[in-house]
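Inside the fold
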Amino acid sequence: MAMETDCNPMESPSNTGFEEDSDYTDFEGTDVKDMRLEAEAVVNDVLFAVSNMFVSKTLPCAEDVAYINVETRERNRYCLELTEAGLRIVAYDFDQTDDSLQTPYHETVYSLLDSLSPAYREVFGNALLQRLEALKKDQS
């Protein structure tokens, strides 16, 4: 529950006046941009191996959290939470969070998708093999 409160600057008890609110929002906006950049990098790394993946524009973010929607090649949809602890599933649909879900954190998007999608594993593995073959040719 603390994560949700952290994600929405309007719910923060320290926001007591209009000026303070504005300053906090500007500060938050800078941090959100940084976390969004990290989330965009995650998406760009593995987009080729899933059906759809994008940073949520509807779920609120904070300095330490961003949300990523992903649809596997098996057509399963997930909303992922990205924090310093890693990535975890927070819902089984786009742009949702379910507080009752207690899913484990994964250090990387690769291990998370590897555990969810056999098709991801196959596509990613094939891409890796192609890169290794290309390196091998470059060395000969």
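As a reminder, the structure under discussion sits directly above these lines.
Attention in this report is confined to the structure presented alongside it. (Residues numbered from 1 in each chain as written. Predicted model: local features only at pLDDT ≥ 70, side-chain atom pairs only at ≥ 80, totals over all residues. Heavy atoms only, no water.)

Our next topic: the sheet that holds strand β1 (residues 52-55). If you walk across this open sheet you meet the 4 strands as β1-β2-β3-β4, and the pairing is antiparallel. For this open sheet the edge positions go to β1 and β4 (86-91), each flanked by a neighbour on one side alone. In this sheet, neighbouring strand axes are inclined to one another by 25° on average, regardless of whether the strands run parallel or antiparallel. Strand direction decides the pairing type here: β1 and strand β2 (residues 66-71), joined by 4 bridges, are antiparallel. Following the sheet pairing, asparagine 52 is matched in β2 by glutamate 71. (Pairing = 2+ DSSP bridges. Helix = DSSP H or I, 4+ residues; strand = E, 2+ residues; numbered from the N terminus. Axes fitted to C-alpha atoms, helices over the stretch in contact; angles between N-to-C directions.)

Checked against the element boundaries, arginine 88 lands in strand β4. Separated by 3.2 Å, the side chains of arginine 88 and tyrosine 105 make a polar contact. If we ignore the near neighbours within four places in the chain, the residues touching arginine 88 are Cys79, Leu80, Glu81, Leu101, Thr103, Pro104, Tyr105 and Leu112. (Polar contact = N/O pair within 3.5 Å; in protein donor to acceptor, adjacent residues only side chain to side chain. Contact = heavy atoms within 4.5 Å.)

Let's shift gears to the packing of aromatic side chains. In total, this model carries 5 aromatic pairs according to the counting rule given. For the pair tyrosine 110 and phenylalanine 124, a centre-to-centre distance of 5.5 Å together with 45° between the ring planes defines the contact as tilted. Of this pair, tyrosine 110 sits in helix α3 (residues 109-116) while phenylalanine 124 is found in helix α4 (residues 118-139), placing the two residues 14 residues apart along the sequence. By relative accessible area, which is 33% here, tyrosine 110 ends up partly exposed. (Phe/Tyr/Trp six-rings, centres within 6.5 Å; stacked < 30°, edge-to-face > 60°. Buried < 20%, exposed > 50% of the residue type's maximum accessible area, 1.4 Å probe, protein only.)

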